[in-house]
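Architecture and fold: a report
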Amino acid sequence: MIASDVDGTLLGPSESLSARTIATVGRAIEAGVPFVLASGRPPRWIAPVAKPLELTGYAVCANGAVLYDCGREEVVAVHGLLKPELLHDIAHALDKALPGCRLAAERVSTGADHEMRSFVIEPNYHNPWGDGEGRTAPRAEVLGHPAIKLLVSHRGMSSEEMSEAVNALFDRDVDVTYSSSGGLVELSAHGITKATGLADVAERLGVGRGQVIAFGDMPNDVEMLRWAGHGVAMEDGHRAVLAVADEVTGPAGEDGVAQVLERWF
């Protein structure tokens, strides 16, 4: 089984899939090898990547919190929801540790009703990708429903600085990671990672852990690369990913994933 992160791994600076990557993934699929996207993205952001690659199998979304069927375009399973009581406790602690931070909640339905999925942000929430997405609501609304992720933004800090501060607050209630250095960290239920999501997929497909190759570039990929039989980091990846990788390939802008997969396909 092949598993790959999306942003910064399959997608380079142009934020699009190259013809070389599309062709290589296509050959792998034709050979009968499952190709699984493993991303911090929510399900609604998967189709723009899955469709050009003609993926109809599973995708691990929201850093392992959601298992999504690309072909049926529906959520298969949701793991580790953060309940409102916990969200409020987290927010109270964050206000003390990161004054001026702003919060957003990622939610998802368990059925095919895409309207149930929502991304709710409080006023002045900063999205480092600048895509303008999100329904603005008071903090009480942001924290008032179960969420698969709580996102924390701060315009005056890097994600690395935020991660250090937030990790010092929480022990076993939540896990903290980030997929951008632009002042945004993501909090998920403790123990829910891309690795746990891929383990679920592997069990469903009857694939052993040692038969999995995984690609990634940021701290939210660390557990996945450790879990996989062969973990590959992108050359321009975060130092934490480079430290756990079995191999380093070229950057996404130079088709690093294809460079490795072309050995077999």
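In case you missed it, the structure is sitting above this.
Residues numbered from 1 in each chain as written. Predicted model: local features only at pLDDT ≥ 70, side-chain atom pairs only at ≥ 80, totals over all residues. Heavy atoms only, no water.

1. Describing the environment of R27
Inspection of the secondary structure puts R27 in helix α1 (residues 19-30). With a relative accessible area of 35%, R27 lands in the partly exposed category. The contact partners of R27, leaving out residues within four places of it in the chain, are E262 and F265. (Helix = DSSP H or I, 4+ residues; strand = E, 2+ residues; numbered from the N terminus. Buried < 20%, exposed > 50% of the residue type's maximum accessible area, 1.4 Å probe, protein only. Contact = heavy atoms within 4.5 Å.)

2. A short note on the environment of L151
Relative to the helices and strands, L151 resides in strand β9 (residues 149-153). L151 gets classed as buried once you look at its relative accessible area, which sits at 6%. Between the alpha carbons of L151 and G57 there is a distance of 27 Å; along the sequence they are 94 residues apart. Other than its neighbours up to four places away in sequence, L151 contacts R102, L103, A104, E106, F119, Y125, L184, V185 and E186.

3. So, the sheet that holds strand β3 (residues 58-61)
Strand pairing within a sheet occurs via backbone hydrogen bonds; the two strands may be parallel or antiparallel. Taken in spatial order, the eight strands line up as β5-β4-β3-β2-β1-β12-β13-β14 in an open sheet, and their pairing is mixed. Whereas interior strands pair on both sides, the edge strands pair on one side only; in this sheet they are β5 (74-78) and β14 (247-249). The mean angle between the axes of side-by-side strands here comes to 25°, regardless of whether they run parallel or antiparallel. Along the sheet, helix α6 (residues 194-205) contacts β1 (2-4), β2 (35-38), β3, β4 (66-69) and β5; its crossing angle with β3, the most-contacted strand, is approximately 160°. (Pairing = 2+ DSSP bridges. Axes fitted to C-alpha atoms, helices over the stretch in contact; angles between N-to-C directions.)

4. Observations regarding the pairing of β9
In terms of burial, β9 is largely enclosed, as five of its five residues are buried. Because side chains alternate across β9, one face comprises the buried residues K149, L151 and S153, and the other comprises L150 and V152, equally buried. The sheet contact formed by strand β6 (residues 102-107) and β9 spans five bridges and is antiparallel. Pairing of A104 across the sheet is with L151, part of β9. As defined by bridge partners, β9 adjoins strand β11 (residues 184-189) across four bridges and the pair is classed as antiparallel. Bridging across to β11, V152 finds its partner in V185.

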